[in-house]
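Summary of structural features
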Amino acid sequence: MVLKCVVCGREYPEDEVRYRCECGGLLEVVIDLDKVDTSIFNGKEIKLWKYESWLPVKKRVSLEEGGTPLYRLLNLESDLGVKELYAKNEGANPTGSFKDRGMTVGVSKALELGMDKVICASTGNTSASLAAYAAKAGIKAYVLIPSGKIALGKLAQAIIYGARVVPIKGNFDDALRVVVETSKELGIYMLNSINPFRLEGQKTIAYEIYDQLGKVPDNVILPVGNAGNISAIWKGFKEMYEAGVIDELPRMIGIQAEGASPLAKAWKEKRKFQPEESPETIASAIRIGNPANWIKAWRAVEESGGLFESVSDEEILRAQKLLASREGLFVEPASAASLAGLIKLLESGEISRNESYVLITTGHGLKDPNIVIKNFQVPEPIDPTLEAFKEVIE
Ligand code: F0G
């Protein structure tokens, strides 16, 4: 197993603390596919560490992550006239988002490397997750967040798990810049998704989808912010393919919020990627203008024959409400971007109704209760009498 630059191909040993190649390119963990256990995809006892032989760490800091439900969305299937529709509900992870997959592997790696401090920039979920896993590992966590711009539940989580929470007067992209500089200067282990070990944990979403579904879906649709997760899931599918476990691959469809959509814009306008200065959306988790993993994400979409799309805040809120009211699935706004994207692409005819789709619902709805309170009507109180109640329901 080595770390390999995705731009120039240069290789580095796995036990070196390094996030980028000398050339500036992103690194990727190359797994020795001769040594993986290809017989484990049997639909049973699904949880992240089932796939240990496919993961590049020996230590294990775990909160029992993964094994999240893959729901068939029968009501929405019939509403939308889609052949097969599923949601992989990542909100069911220990801290309520898919980030736990990255952190169980990333914090384990930190211990293996002998690091006793970890750091990240975050729009919320990464900070909550890092804080929890650092607490479990007994090491110090620093989390930098855009001041006043992260959802309440996520802030509460980072605080209660005991991380040093540092709000930054700026956005996520500013916070990440400071984290990159700090980790280098002060020797603190960085666990943003440019750390390739994070993505190793997150690639298990692909393994679990195949394990649960018993087949490869035609399409995987997910929200894109810093663009790590789409890269990770694609890597997971490709590894299964290269190891001979599966003989087909899904299309990867990445959805951004309109006000923070540098990848979707470049894709649709068929031009080179350009970061955005002032990203804005109610989906605070993906309010990112300069996705650090954009090269990997672009390749995932290109190689898989997929696409990038963007959706408006109104479309996101409508999709959030639909998932909750039609399927009993309460997700945070960023996660609802996946369904909003599906609806938009079906309506425009860019994708087919006669295929199977897995939506990755990335974070729990309770992370961001204010969105619901602000955007949907909260009922007025009534007198505590049968008459008053009858009046309301009639
Ligand atoms: N959905 C949720 C709920 C997220 O929290 C994030 C990213 C994404 C989607 C996008 O994933 O960055 O891999 O493309 N949240 C990060 C954070 C940036 O700091 O919590 P991505």
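As named in an unreviewed UniProt entry, the chain is Threonine synthase, taken from Pyrococcus furiosus. You can read under Pathway (unreviewed entry) in the UniProt record for the chain the words "Amino-acid biosynthesis; L-threonine biosynthesis; L-threonine from L-aspartate: step 5/5." Here the chain is described in UniProt, under the heading Sequence similarities (unreviewed entry), as follows: "Belongs to the threonine synthase family."

**A look at the overall build of the chain**
When helices and strands are counted, the chain shows 14 helices and 13 strands. Taken against the 2.2 N^0.38 rule, which gives 21 Å for 394 residues, the C-alpha radius of gyration of the chain at 21 Å falls within 12% of a compact globule. Dimensions of the chain along its principal axes, counting C-alpha atoms only, are 70 × 45 × 45 Å. Counting all 394 residues of the chain, 58% fall into the buried class. Sequence separation of at least 24 residues holds for 70% of the intrachain contacts in the chain that already meet a minimum separation of 6. Of the accessible surface of the chain, which amounts to about 16500 Å², a share of 49% is contributed by carbon and sulfur atoms.

**Focus: the site of the ligand**
Near the ligand there are 21 residues, and of these Ser122, Thr123, Asn226, Ala227 and Thr362 occur at the shortest range. Between the ligand and the protein, one listed contact pairs a nitrogen atom with a side-chain N or O atom of Lys99 at 2.9 Å. In this structure, an oxygen atom belonging to the ligand sits 2.8 Å away from a main-chain N or O atom of Ala227. The protein chains hide 99% of the 470 Å² of surface that the ligand would expose on its own.

**Considering the sheet that holds strand 3 (residues 27-30)**
Pairing in this open sheet of three strands is antiparallel, and the strands run 2-1-3 from one edge to the other. The sheet is open, and its two edges are formed by strand 2 (11-13) and strand 3, each paired on a single side. Along the sheet, successive strands turn relative to each other by an average axial angle of 35°, direction set aside.

**A few points about the UniProt feature "domain: Tryptophan synthase beta chain-like PALP" (unreviewed entry) in the chain**
UniProt records the feature "domain: Tryptophan synthase beta chain-like PALP" (unreviewed entry) at residues 61-363, using the numbering of this structure. With 46% helix and 17% strand, residues 61-363 has its two end C-alpha atoms placed 21 Å apart.

**Topic: the pairing of strand 6 (residues 117-121)**
When you tally the buried positions in strand 6, you get four out of five residues, the bulk of the element. Direction of pairing for strand 6 relative to strand 7 (residues 140-146): parallel, over a ladder of five bridges. In the strand pairing of strand 7, Lys117 is matched with Lys140. The pairing of strand 6 with strand 9 (residues 189-190) spans two bridges and is classified as parallel. If you follow Val118 over to strand 9, its bridge partner there is Tyr189.

**Description of the packing of helix 11 (residues 313-327) against helix 12 (residues 333-348)**
Each pair of packed helices can be described by the angle between their axes along with the distance between the axes. At a minimum axis separation of 7 Å, helix 11 and helix 12 run at an interaxial angle of 100°. The angle between helix 11 and helix 12 falls in the class roughly perpendicular. The residues of helix 12 that touch helix 11, namely those facing Glu315, Ile316, Ala319, Gln320, Leu322 and Leu323, are Pro333, Ala336, Ala337, Leu339, Ala340, Ile343 and Lys344. Classifying every residue of the contact of helix 11 with helix 12 by side-chain character gives ten nonpolar, one polar and two charged.

**Brief notes about the UniProt feature "modified residue: N6-(pyridoxal phosphate)lysine" (unreviewed entry) in the chain**
The feature "modified residue: N6-(pyridoxal phosphate)lysine" (unreviewed entry), as given by UniProt, occupies Lys99 in the numbering adopted here. One can find Lys99 in helix 2 (residues 99-112). Of the residues examined, Lys99 reaches a relative accessible area of 16% and is grouped as buried. With sequence-adjacent residues up to four places away left out, Lys99 is seen in contact with Asn125, Thr126, Ser129 and Arg198.

**A few points about the sheet that holds strand 9**
Here four strands make up an open sheet; going across it, the order is 8-7-6-9 and the pairing parallel. Among the strands making up the open sheet, the edge pair consists of strand 8 (164-168) and strand 9.

**Let's talk about a nonpolar patch on the surface**
Together, Ile382, Phe389, Val392 and Ile393 line one region of the surface with nonpolar side chains, adding up to about 400 Å² of accessible area. Inspection of the secondary structure puts Phe389 in helix 14 (residues 386-393).

**Quick look at the side chain of Ser97**
In this structure, Ser97 sits in the loop between strand 5 (84-89) and helix 2. The contacts of Ser97, once residues within four sequence positions are left out, are Glu90, Gly91, Asn125, Thr362, Gly363 and Lys367.

**Some thoughts on the nonpolar core**
Of all hydrophobic cores here, the largest spans 91 residues; its most connected members are Phe41, Trp54, Val118, Leu130, Tyr189, Phe237 and Met240. It is helix 7 (residues 204-213) that contributes the most residues to this core, six residues altogether. For Phe237, the contacting residues outside a window of four places in its chain are Ala206, Ile209, Val216, Pro217, Val220, Ile246, Leu249 and Pro250. By size, the runner-up hydrophobic cluster in this structure holds 32 residues, among which are Leu76, Leu80, Leu329 and Ala340.

Reading the values: rules and limits
Throughout this document, residue positions are counted from 1 along each chain, in the order its sequence is written. Local features in a predicted model are, by the rule used here, given only for residues with pLDDT of at least 70; side-chain atom pairs are given and counted only at 80 or more, and totals for whole chains, interfaces and linings are based on all residues. For the side-chain quantities, the full set of heavy atoms in the structure was used; hydrogens and water were omitted. UniProt positions are given in the numbering used here, feature names are shortened, and annotations may be inferred rather than shown by experiment. Numbering of helices and strands runs from the N terminus; a helix is a DSSP stretch of H or I covering at least four residues, while a strand is a stretch of E covering at least two. When we talk radius of gyration, it's over C-alpha atoms, and the globule rule is simply 2.2 Å times the number of residues to the 0.38. Between buried and exposed lies partly exposed: a residue is buried under 20% and exposed over 50% of the maximum accessible area for its type, with that area taken using a 1.4 Å probe on protein chains only. Whether two residues are in contact is decided by their heavy atoms: any pair within 4.5 Å suffices. To measure how exposed things are, a 1.4 Å probe is used in the Shrake-Rupley method; for residues, cover is taken only from the protein chains shown. Each residue is tested against the molecule or strand, and it is near if at least one of its non-hydrogen atoms lies within 4 Å. Whenever a nitrogen or oxygen atom comes within 3.5 Å of another N or O atom, the pair is scored as a polar contact, on the condition that within protein one atom can donate a hydrogen and the other can accept it, and that pairs from neighbouring residues in sequence are kept only if both atoms are in side chains. Should DSSP find at least two bridges between two strands, the strands are taken to pair. Working convention: axes come from line fits to C-alpha atoms, limited for helices to the stretch in contact. Angles between N-to-C directions cover 0 to 180 degrees. For classification, angles of less than 35 degrees are called roughly parallel, those exceeding 145 degrees roughly antiparallel, those between 65 and 115 degrees roughly perpendicular, and all remaining angles oblique. Asp, Glu, Lys and Arg are counted as charged, while Ala, Val, Leu, Ile, Met, Phe, Trp, Tyr, Cys and Pro are counted as nonpolar; the rest, among them Gly, fall into the polar class. A patch is a set of surface residues, each over 30% in relative accessible area and not in a salt bridge, joined within 9 Å for like charges and within 5 Å for the nonpolar side chains Val, Leu, Ile, Met, Phe, Trp and Tyr. A pairing counts as a salt bridge when a side-chain nitrogen of Lys or Arg comes within 4 Å of a carboxyl oxygen of Asp or Glu. Think of a nonpolar core as a cluster: buried Ala, Val, Leu, Ile, Met, Phe, Trp, Tyr and Cys residues, connected wherever their side-chain atoms sit within 4.5 Å.

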